[in-house]
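Observations on the model geometry
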Amino acid sequence: SDFQQISNASQVTIGVGVPTKSDPDTCISTILFQPHQARQTYSKEYLHADEEEFFCSGKSSSNVIGSKTNIALAICYELSVPAHAENAFRNGAEIYVVSAVKSVEGVDKAIERLSEIATKYSMTVLLSNCVGASGGIKCGGKTSVWNKEGLLAAQLNDTDEGIIILNAETQEVIERTI
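Residues numbered from 1 in each chain as written. Predicted model: local features only at pLDDT ≥ 70, side-chain atom pairs only at ≥ 80, totals over all residues. Heavy atoms only, no water.

1. Examining the pairing of strand β3 (residues 40–43)
- Across four bridges, strand β2 (residues 25–33) lies against β3 in antiparallel orientation. When the bridges of β3 are listed, Thr30 appears paired with Tyr42.
- The turn linking β2 back onto β3 is made up of six residues, and His36 within it adopts a positive phi angle of 55°. (Pairing = 2+ DSSP bridges. Helix = DSSP H or I, 4+ residues; strand = E, 2+ residues; numbered from the N terminus.)

Right, here's the structure in full:
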């Protein structure tokens, strides 16, 4: 696939949010493309009430991925579930990556929670949030990275698409493009 080719050539991991079939239902998932490795799938375990009619809970035994640096994934509402971050920490996560669709009204609450997670568990925390409209709501952007002390290391604005690149070993933001 194109994502695998980009991952291989650039030596980066790419996560793509997609619905996946879990016979007979559908899960909300992140497909991971890692350099020269087989794809991995993380399916959302904790569903928001408005998702339960359409999706099933993922049956992942662990939300930790990666071999060199332990990375835990969370999808949107899961950042609000204390047991999710606690399980990630207990499973050895050093980095907590959250993909979200948070509204202008909801993103600041998510930012506060993720800073708390970084501080409590001494984990680097990344939030990828969308901008523009999604499902009839205006999304709040503010894609962010917190260091292990819970301090904001980088944040994009609330209207423009962009990318933050973090060196997981040094905790340094090596590029930020808007």
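That shown, we press on.
2. Description of the nonpolar core
- Residues Tyr96, Val98, Leu114, Ile117, Val125, Leu127 and Trp146 are the most contacted members of the largest nonpolar core, which totals 28 residues.
- At the level of secondary structure, the elements contributing two or more residues to this core comprise β2, β5 (71–75), α2 (82–90), β6 (95–100), α3 (104–121) and β7 (124–129).
- Judged by nonpolar contacts, the second largest core, of seven residues, contains Ile95, Leu156, Ile164 and Leu166. (Core = buried A, V, L, I, M, F, W, Y, C linked by side-chain atoms within 4.5 Å. Buried < 20%, exposed > 50% of the residue type's maximum accessible area, 1.4 Å probe, protein only.)

3. Topic: the environment of Asp160
- Residue position: Asp160 is located in the loop between β11 (152–155) and β12 (163–167).
- For the pair Asp160 and Gly17, spaced 143 residues apart in sequence, the C-alpha to C-alpha distance is 20 Å.

4. What about the packing of aromatic side chains?
- Scanning the entire structure with this criterion turns up two aromatic pairs.
- Here Phe3 and Phe33 contribute two aromatic rings whose centre-to-centre distance is 5.4 Å and whose plane-to-plane angle is 35°, an arrangement assigned as tilted. A residue pair is termed long-range when its members are at least 10 positions apart, and Phe3 in helix α1 (residues 2–10) and Phe33 in strand β2 qualify at 30 residues.
- A residue is classified by how much of its surface remains accessible, and Phe3, at 38% relative accessible area, is partly exposed.
- The buried category is assigned to Phe33, whose relative accessible area is 5%.
- Pairing Phe89 with Tyr121 gives two aromatic rings, centres 4.9 Å apart and planes at 35°, and the pair type is tilted. With Phe89 in helix α2 and Tyr121 in helix α3, this residue pair connects regions lying 32 residues apart in the sequence.
- Taking the relative accessible area as the measure of exposure, Phe89 reaches 37% and is therefore partly exposed.
- The class of Tyr121 is buried, set by a relative accessible area of 8%. (Phe/Tyr/Trp six-rings, centres within 6.5 Å; stacked < 30°, edge-to-face > 60°.)

5. With respect to the sheet that holds strand β1 (residues 14–22)
- One open sheet accounts for three strands, arranged β1-β2-β3; its pairing is antiparallel. Two strands close off the open sheet at either side, each with one partner strand: β1 and β3. When strand polarity is set aside, the average angle formed by the axes of neighbouring strands in this sheet is 35°.
- Strands β1 and β2 of the sheet are contacted by α1, whose axis makes an angle of about 145° with β1. (Axes fitted to C-alpha atoms, helices over the stretch in contact; angles between N-to-C directions. Contact = heavy atoms within 4.5 Å.)

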